[in-house]
Amino acid sequence: MASVCFKIGPPRLVGVELEWLLHQPSAPEVPPDPAVLVTALGPHTPTTLDPSSSALPLPAGSAVTVEPGGQIELASPPLPDLGGLLQTVRADADALHHLLADQGLQPQLRATDPVRPAVRILDVPRYRAMEQAFDRLGPHGRSAMCSTAAVQVCVDAGENGDVAERWAAVHAFGPVLLAAFANSPLLHGRPTGWKSSRWACWQRADPSRTVPPRISEVETEDPATAWARRVLSSPLLLVRREGAWEVPSGVTFADWVNGALPVPPTTADLDYHVSTLFPPVRPHGHLEVRYVDAQPGRRWALPVAVIAALLSDTVVTGKAREACEPAEGRWTEAAQLGLADQPLAQAAATLFELACDRLTALGAPRWVADDLADMTERQVLRGLCPADTAVDVSADRLVGDLAPDLAENSTRQPAPPEGETS
């Protein structure tokens, strides 16, 4: 775990994975058609959709994948400067969306599907097995797999003396940035009462592999050991086998090591097991920050800029962590209330102002600095998040007026996501 999940080195690189739910504006209730996706993506089609595809990267180097419900994902190359990354991803995102638009597909502006039920369109062994495992626990796994989208920011773990600090910092920022970027108040045709229904789905899909770590596992001098304990104690989601993949019930990886299954695990099995854990931050050689909802339009760049800025200077990181202390552990409040929660709102104001002050030094493009300043002024300092704000679908941007149905809903007791009874 230490050598593979926490690779040590100077914190130079930053990357991002962007997910978008897709729909046809003329038929928003119809799920994406795999054949239409293949036609749209052409040589960039992932092999999970077309095994014969060359799966070429987009012009600026980003890879394309497709998630179980037809969500499209762009994975950037890791780059050494924030400005270069944001310009690269913007170019590739524009190219990708033009390809999709030619086939009548547009990205949703929310991070959960506001209309359709959860339908898996990608028929590969991994997702068949995941669906079977999640279905044992309830309906939320299908929603999480097929009806959600995120912005995942990837940063280096850092040098040996800095890993624990960076690990603790990205977790400390978590509830605050989850609240500030919450953008999924609707799911399967109804308001849920959660500002981030995406978070609610994933937390209820399989808590053993999705819930945030305990504070003692975050504020530790040895995060690799704490992570290794979690990996060993987590149940197996699936076991890869020729022909049919197995979905064992109640068997942890430690049980497997100790002989619970007929064939002992290999290091490749361990690597794959790690890929089936979905906590808010997953060490993957680098640190993969997974707690941010997908954002409307080009605002996917803002969580990337904020996290990169807060980690770019040890003094700034220290100030940001201090600001987050009153909001420690407020993950559920963040997902339910967004910045209507006062401790989260106060911490967010400090974090966004710190990030705004750092962007020039990091070489961020002017449009990113302007968008972050606008979000800070119009939303964060007013205790609002994207879930509180209407979106103009035709202009692909935030309108700025509080949507009446969401404002009314924010005063209600949060309803469980689709499929769960109160």
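Residues numbered from 1 in each chain as written. Predicted model: local features only at pLDDT ≥ 70, side-chain atom pairs only at ≥ 80, totals over all residues. Heavy atoms only, no water.

Participant: Give me the lowdown on the pattern of salt bridges, citing residues and values where you can.
Facilitator: As enumerated under the stated definition, the model contains 20 salt bridges in all. Between D123 and R120 there is a salt bridge, with the nearest N and O atoms lying 3.5 Å from each other. Across the pair D269 and R240 runs a salt bridge whose closest N-O atoms are separated by 3.9 Å. Of this pair, D269 sits in helix α13 (residues 267-274) while R240 sits in the loop between α11 (223-233) and α12 (253-257), and the two are 29 residues apart along the sequence. One continuous salt-bridge network, built from bridges that share partners, spans R120, D123, R128, E131, D135 and R142. (Salt bridge = Lys/Arg side-chain N within 4 Å of Asp/Glu carboxyl O. Helix = DSSP H or I, 4+ residues; strand = E, 2+ residues; numbered from the N terminus.)

Participant: So what about the side chain of S147? Which residues, and what values?
Facilitator: Its location among the elements puts S147 in the loop between α5 (140-146) and β6 (150-155). Setting aside residues no more than four positions away along its own chain, S147 makes contact with L21, Q71, A111, T112, D113, P117, A118, R142, L187 and H188. (Contact = heavy atoms within 4.5 Å.)

Participant: Account for the nonpolar core, with residues named and values stated.
Facilitator: The biggest cluster of nonpolar side chains holds 108 residues, and the ones touching the most others in it are F173 and Y291. Sequence-distant contacts of F173, defined by excluding residues within four places in its chain, comprise Y291, L310, L311, T317, A320, R321, C324 and L351. (Core = buried A, V, L, I, M, F, W, Y, C linked by side-chain atoms within 4.5 Å. Buried < 20%, exposed > 50% of the residue type's maximum accessible area, 1.4 Å probe, protein only.)

Participant: An account of the pairing of β6 is needed here, citing residue identities and associated values.
Facilitator: A large share of β6 lies buried, amounting to six of its six residues. Alternating residues of β6 divide into A150, Q152 and C154 and V151, V153 and V155, and every residue in both groups is buried. In terms of strand pairing, strand β1 (residues 14-20) meets β6 through five bridges, oriented antiparallel. What sits directly across from G15, in β6, is C154. (Pairing = 2+ DSSP bridges.)

Participant: Pulling in residues and values, what's your account of helix α14 (residues 301-311)?
Facilitator: What sets the pattern is the α-helix's 3.6 residues per turn: residues three or four places apart point alike. Among the eleven residues in α14, eleven count as buried, and that is most of the element. Those residues of α14 that fall on the buried side of the exposure criterion are A301, L302, P303, V304, A305, V306, I307, A308, A309, L310 and L311.

Participant: Before we move on, could you go through the packing of helix α15 (residues 314-324) against helix α17 (residues 342-358) and cite the residues and values that matter?
Facilitator: Where α15 contacts α17, the two axes come as close as 8 Å, and the packing angle between them is 165 degrees. The angle between α15 and α17 falls in the class roughly antiparallel. The crossing of α15 and α17 is left-handed. Facing α15, whose interface residues are V316, K319, A320, A323 and C324, α17 presents A347, T350, L351, L354 and R358. (Axes fitted to C-alpha atoms, helices over the stretch in contact; angles between N-to-C directions. Parallel < 35°, antiparallel > 145°, perpendicular 65-115°, else oblique. Left-handed = near helix turned anticlockwise from the far one by under 90°.)

Participant: Report on the side chain of E217, specifying residues and quantitative values.
Facilitator: Looking at where E217 falls in the secondary structure, it is placed in helix α10 (residues 215-218). The contacts of E217, once residues within four sequence positions are left out, are W167 and A226.

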